[in-house]
Amino acid sequence: MRLSRRSLIAAGAALPFLRIPARAATTPGKLVFGLSSYPPNLFPWANAGTAAETAKLAMFRGLLGYDAEGKLRGELAESWERDPKDGASVFHLRQAQFHNGDPVTSADVAYTVEQVAAAQSTAYLRTEMQGIAKIETPDPRTVRFVTKQPVATFPLLAASSFLPICAKGSADGNAPGIGAGPFVPTAQERGVAIEFKAFDKYYRPGLPKLKALRMVAYQDENLRVAALQTGDVDLIEYVPWQSMSTIEQDAKLALQTTNGPFMYLVFNGKAAPFGDARVRNAIAYAIRREEIVKAAFFGRGAPMEGIPIPDTSPFYDAERAHHWGHDPAKAKALLNQAGLANGFSAKLLATAQYGMHKDTATVVQQHLAEIGIAVELVLPDWATRVNLGNRGQYEFAVGGTSADSNDPDGLAPVLAGNLTPSYVRSYGIEVPRLDQLLAAGRAEFDEAKRRAIYEEMQDVALAEAPFVGLAWRSQGYAMSRRVQGFHNLPGALSFYSGTTFEDTDIV
Amino acid sequence: MAWLLHRVVVAILLVWVVASIVFLAIRLVPGDPATLLLSQGGMAPDPGAVAALRAQLGLDQPVWLQYLSVLKAALHGNLGASLEDGTPVVSAILQRLPRTLELIGAAALIAILAALPAGLAAATRRGGGFDRIASLLAAIALAIPVFVAGTLMVLVFAQWLRWVPAGGYVPLAQDPLRHLRLLAMPALTIALGLSAVTFRMTRAAALEVAQKDYIRMARAKGVAPPRILLHHVLRNALMPVVTVLGLQLGSLLGGTVLVEYVFNWPGLSGLLVDAVNARDYPEVEGIVLVISVLFVALNLLMDILYAVLDPRVRQR
Amino acid sequence: MSRVAWIPAGSVALLALLALAAPLLPLPNPVAIDVAHRLAGISALHPLGQDEYGRDELSRLVCGTRVSLAVAVIATGIACALGVLLGLVGGFLGRFAELATVRSMDVVLCFPPLLLALLVVTLIGPGASALIPVLALLYLPGFVRVVYAGVLSVRAQDYVEAMRALGARRARIMFLTVLPNVGGPVLVQFSLAAASAMVLESGLSFLGLGVVPPSPSLGLMIGEARSTMAQAPMLLLWPCLALGLAILALNALCDALRDAFDPQGRASPGRGWRALRAALPGGAPAPGPVLEVRELTLQIGSAAAHPVRGVSLTVAPGETLAVIGESGSGKSLTGLAAMALLPGGIEVDGGAVFLEGREMLRLDEPALRRLRGGRIAMVFQDPLSSLNPVHRIGAQISEALRAHQLLTRRAAWRKSVGLLRRVGIPDPERRARAFPHELSGGMRQRVMIAIAIANDPVLLIADEPTTALDATVQAQILELLAELRKERRIALVFITHNLPVVAEIADRVTVMYAGEVVEDGPAAEVFAAPLHPYTAALLASAPRDDGTSPVGIPGMVPMLHNRPPGCSFAPRCSRRAPSCEVATPPLNTLRPDRHTRCLRWRELA
């Protein structure tokens, strides 16, 4: 007898007198948001994970940002342009206030960027901000950035959630920083919840619509979904894939998904035979990506047979996006050419701590066995896996991440070979042409030329395969139907969806 | 009294040894906290930033130097600050510890109230219907892993019956009723195993005591059965039961992880696991220190309690 | 081992067999994935369906059980071996070793188990090879403690000292003496630890710290099944059931082992025989005697062993009856029967006991309670074990008083002090607040007597009251008893194996052998002219005043199930004749108060 959840719920419904709603009295205008983990810290410019970003997007704003469709728009800067005279990026600030009432001035912007670029800074965009030669503040409402090299993607940096503008001096030492976002943090219970109230002097009139916001951490995904279903929370992030169809079928709930993050393989070029591009390509052709999507993500995602450029991007190319279709014959042929006709054995590094990594690794192991590669799984905890990855102490590994932005330059961290070793990219694989193209694309302002550059970049990347794309995974936000105005930003910007809290309302 | 002093000194030494071992062990474990902190969210950390963070957090000093400074600070009551966000470890622990204690205390209360009388009842009618059923239930309860029980409880009581909210926490002062309802399920889950152990121990101890000559003597005096049961059997059976219960509660101090995870109860164990995963050295050391101190103190309390219960011990 | 223990032992053996045979069974590959058919239901190829990767659930279950069981058993085995070694070392090799062993185990115990697991696994990396050392470490202290305690208890024994004095090497002593002693508890600890290890392994695997996928383990399967709980709840159920059953079997085995090594005897419900015997009347009591035991026959359980057969005796008011016999004669049981305090397992197979005309064995429990400690009281042999060690002796006397008289606590306490004074305990106010272990043997016995006389009983049964005391104290106690008897007109039944003791105080004597009365009569007569060879032999074997050495009785009391067909004493009797061995001789009544069971009594007279 198959117990279906429905039959059991029906059984439960037959006892109406027992069903007492467990929800606490709701405060009108207050949204309860279910985080997937508690932010380790809320330092404005450090990368402390997606939960921290969501919280910071409620209380900070940068020069630029994104709208609900993922298009660039002005935030604290109402307009921006590039000055052709010296190539400087110029931003014109609007009238806005920080939470402490002080006006937002160019001095605060300069302070922010200087702090981020400081030698001892631990900010995520430190290297990028160190590429700024000069910051000029001709008047309190104008900021000019002169970069050492031309940076076409500078507006993307200005829109990054890792560059929120803080009031001058407010983020010194470990101070939390005072922002200009739509919500003011009022209380924090470490490990449990963060409380916000609406900022009445927010620069967008009429916003935010909510009066208060409470973010509660629910580490266990089953509990997160259960809390949404019982009404304990109104909106959750990181919807587990197995629950997505249940939520879609629930009339009281709504689901918004986008394919933003992705799973991929990286290699240690110094560990034979992964230094050989043919071997890497053979692996890329041997995998049935739909099975990964099915096994790890319950079908919620899409195969990625190339480089992760979303199909909505102007740089998307259909043919290149389907380069690595399942072709075991081709894979075997490549292995033959590499002199490994009888296959070989290798260790695949992933982690046991995250189901999607483990599941991906399991499927890859099976598929590679079919072309004669005997794979042994190495599954330490996440911290150890990161450590091993950073040191290149692996043979090949499963990775899962999201790009910094929907622009191809956002893929540089996972593709580049000339950066310091990191677990998010391959180790010991040098593809100089690829690095050249990435740098060129970054500096090129002309749209058409950029497209050509990134086309060639894709070709090189696909040929050398320092990165083997496996699958997109669906990033979902689920909410009660009473929640309106919250949007899951498309593609890689999904983790920045917290920026739409200002439009969110609960009826 | 000399006995007590001796025990206290040994206890302090023990705690120091444990803390030192943990200090070393957590640094031997691969994984650098600075890298981890900056690697959240799957983004690559900048090595310069990593180096800067390490210096900032004091991790670039030699291990023995770190040990000395930690020791010195600890003796002054300062357990350092979390590497993640600078919160003083002491305040983080003080915030979470009462919640774990509350959970354990509630579970212990349920276990004692339910299992002690049940164990006595089963012992008085050994082999009878109640004994068999209760023993079977206890055996089953011991065989169910705590996270399975917890998951099923969430399913049944929170999702289907909607009797209690689906996990989480509100402070007692803020909303007592909701607080108690949220406490109920995790406490019950822990109480399952605890009750089973208490039941079996009480039953076994009561059976053993019932064979003793002084029970026969009490019967020979014509004492009424309720009094025999409580005043003689229970009173003497309490000693091994108290010992076992103390051991169980002690091990629960660091072991409520699974329950706290499944029910989203923000207790000390969860903090510990997160700290280990993040390689947050000061927090791990601080929590282990506190847990060890509590454990040792609990043992000491058990010894004193045992001396109170059993006058023969007092002579030594 | 009892019959019931075979069930858990059998199930565990079956589990072990299944686990061992797993690779040989015709099961599909447990790690072969088939994503196209993930979460499929029951089918011909897959009797329990397929999991979230399409792997066969049944084979995963079997393999998972094998892995979980193997991990648990291996870890426990290592812990056992190391623990026994450490316990022996700590117990035998002197103070430093003892300190190191015990204290290091304390350090292990200070660690929260999960943290220990976390640290070790992150150091070594996950997988069974990390899990086994962690589990072994966690369960080590338990074994060390058990063995260490065993060593301590054995070390104190005299024969160990003797072995040492004879020059036996320490190792030899260790193995010969300690190991058999702790074998039982270690086995129990083993099954306990193995069961606990299975649970812990499942928890660790659930957190991702245990067995590495894709090899199955029950804990891992449960963790994985949680995420698909909504779509395929059965996937969660199977490993839970398997885990639960395995642990149940292990726990049951542990209990069975415990019972086997520490038998407590099966207690009969106790009510059955009463209902049965109620149908058979005991007849009318004879008027006059305080206590009349008529043809009492006791039976052990349902077996054919009768520790007491057809025993009759009477005690007149104020009279002292000595019941004499060796151990195994059934004298103590007769005394207990008089109080209706027979231990569990002993049932009445015939006869009756009358106390002041009331048939004791047919009364209900509340009525008996009114009599016990009130009209009839008992003084037991070992006062240390008969007094509750955790209550003050004053309280224990007060308890006896308040069970039968309506007294306030203070009044009862005062009376208790008075009683203590009466039985000759100096400084009774202070002594009343003492605990039993703080008194000497003689004083404790006086306390027992105080309890016994607290409610002015008409009959006192003293079961070997002076056997545990040395000679001078013995005399004092006897004197006390004699005084109390005279003062309060208490009838006394004095049960003993020691003839000289009763020579002074007994009015009448009943001699018992192998569960039967072999002779009775007035004390002076029986001592002067015994009419049964056994009595004569007893008299001859008692130490004498005139210095001649006593003569022992050859042979031993026959076992209950090994009774000779004729007279029970015949094998040891110097006067036996063929007629003695034919049938059990009847009790000859020479006078109403003089009996003997010997066929040849005339020759003795």
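The structure this text deals with has already been given above.
One structure accompanies this document, and this report is about it.

So, how was this worked out
Residues numbered from 1 in each chain as written. Chains lettered and ligands numbered in written order. Predicted model: local features only at pLDDT ≥ 70, side-chain atom pairs only at ≥ 80, totals over all residues. Heavy atoms only, no water. Helix = DSSP H or I, 4+ residues; strand = E, 2+ residues; numbered from the N terminus. Rg over C-alpha atoms; globule rule 2.2 N^0.38 Å. Buried < 20%, exposed > 50% of the residue type's maximum accessible area, 1.4 Å probe, protein only. Contact = heavy atoms within 4.5 Å. Areas by Shrake-Rupley, 256 points an atom, 1.4 Å probe, with all protein chains shown as cover. Pairing = 2+ DSSP bridges. Axes fitted to C-alpha atoms, helices over the stretch in contact; angles between N-to-C directions. Phe/Tyr/Trp six-rings, centres within 6.5 Å; stacked < 30°, edge-to-face > 60°. Lys NZ or Arg CZ within 6 Å of the ring centre and 35° of its normal. Salt bridge = Lys/Arg side-chain N within 4 Å of Asp/Glu carboxyl O. Buried area = accessible area lost by both parts, 1.4 Å probe. 1 Å grid on protein atoms, 1.4 Å probe; cavity = no way out; pocket = protein on both sides within 12 Å on 5 of 7 lines; lining within 4 Å. Points joined across faces, edges and corners; volume = space filled by probe spheres on them. Parallel < 35°, antiparallel > 145°, perpendicular 65-115°, else oblique. Left-handed = near helix turned anticlockwise from the far one by under 90°. Nonpolar A, V, L, I, M, F, W, Y, C, P; charged D, E, K, R; others polar.

## Description of the overall build of chain C
- Within chain C one finds 22 helices and twelve strands.
- For 605 residues, the compact-globule formula gives about 25 Å, and the C-alpha radius of gyration of chain C, at 33 Å, lies well above that figure.
- Principal-axis analysis of the C-alpha atoms gives chain C an extent of 100 × 60 × 55 Å.
- Per-residue burial for chain C yields a buried fraction of 55% across its 605 residues.
- Taking contacts inside chain C between residues at least 6 apart in sequence as the whole, the part at least 24 apart equals 66%.
- Accessible area of chain C: about 25600 Å², with a carbon and sulfur share of 62%.

## Structural notes on the sheet that holds strand β6 (residues 376–379) of chain C
All names here are of chain C.
- Read from one edge of the open sheet, eight strands run β6-β7-β8-β3-β9-β10-β12-β11, paired in mixed fashion. Two strands bound the open sheet, and with one partner strand each, they are β6 and β11 (588–591). When strand polarity is set aside, the average angle formed by the axes of neighbouring strands in this sheet is 20 degrees.
- Pairing analysis gives five bridges linking strand β7 (residues 459–463) to strand β8 (residues 491–496), with the strands arranged parallel. Across the sheet, the residue bridging to I461 is V493, located in β8.
- Strands β6 and β7 of the sheet are contacted by helix α17 (residues 441–453), whose axis makes an angle of about 175 degrees with β6.
- Where helix α21 (residues 533–541) meets the sheet, its contacts fall on β3 (320–324), β9 (508–513) and β10 (516–522), and the angle it forms with β9 comes to roughly 105 degrees.

## Re the packing of aromatic side chains
All names here are of chain A.
- Evaluated as defined, the whole model comprises 27 aromatic pairs over all chains.
- Arranged with centres 5.4 Å apart and planes meeting at 85 degrees, the rings of F315 and Y454 form a pair that is edge-to-face. Taken together, the residues span a long stretch of sequence, with F315 in the loop between β13 (301–303) and α10 (318–321) and Y454 in helix α16 (residues 447–464) at a distance of 139 residues. As far as the burial class goes, F315 and Y454 line up, both buried.
- With 5.8 Å between their ring centres and 90 degrees between their planes, W382 and Y423 make a pair best called edge-to-face. Pair noted here: W382 is in helix α13 (residues 382–391) and Y423 is in the loop between α14 (412–415) and α15 (432–443), with a separation of 41 residues, a long-range link. When sorted by exposure, W382 lands in the same class as Y423, which is buried.
- Within the aromatic cluster, the residues linked to one another by ring pairs are F33, Y477, F486 and F501.
- Sitting over the ring of F445, R82 keeps its end group 3.7 Å from the ring centre.

## Looking at the pattern of salt bridges
- Under the criterion given, the structure shown has 56 salt bridges over all chains.
- Measuring nitrogen to oxygen at the nearest pair gives 3.6 Å for the salt bridge that ties C:R362 to C:E359.
- For C:R362, a relative accessible area of 40% translates into the label partly exposed.
- Owing to a relative accessible area of 15%, C:E359 belongs among the buried residues under this scheme.
- Shared partners join several salt bridges into a network, and the residues in it are A:D83, A:K85, A:D86, A:K134, A:E136 and A:R144.

## Notes on the pairing of β3(C)
All names here are of chain C.
- Most of β3 is tucked away: five of the five residues are buried.
- Note that β3 and β8 share five bridges and pair parallel. Within the sheet, the bridge partner assigned to A322 lies in β8 and is F494.

## Considering the interface of chain B and chain C
- Listed by partner, the interface residues are 62 residues for chain B and 56 residues for chain C.
- Summed over both sides, the interface between chain B and chain C buries roughly 5600 Å², with carbon and sulfur atoms accounting for 69% of that surface.
- In this structure, the connection of chain B to chain C is made through three salt bridges.
- Measuring nitrogen to oxygen at the nearest pair gives 3.7 Å for the salt bridge that ties C:E365 to B:R219.

## Some remarks on empty space enclosed by the protein
Residues and elements named next belong to chain A.
- Tallying each qualifying case throughout the model produces 17 cavities of 30 Å³ or more.
- Here the second largest cavity defines a volume of roughly 150 Å³.
- Taken together, 16 residues make up the lining of the second largest cavity; nearest its centre are L57, G62, L64, A159 and S161.
- With three residues, strand β2 (residues 64–66) is the largest single contributor of residues to the lining of the second largest cavity.

## Comments concerning the packing of helix α2 (residues 57–92) of chain C against helix α3 (residues 94–110) of chain C
Residue and element names in this part refer to chain C.
- Close contact between α2 and α3 brings their axes to 6 Å; oriented N to C, the two are set at 140 degrees. The angle between α2 and α3 falls in the class oblique. Classified by chirality, the crossing of α3 by α2 is left-handed. Across the interface between the two elements, L86, V89, G90 and F92 of α2 pack against G94, A97, E98, T101 and M105 of α3.
- For the contact of α2 with α3, a count of residues per class yields five nonpolar, three polar and one charged.

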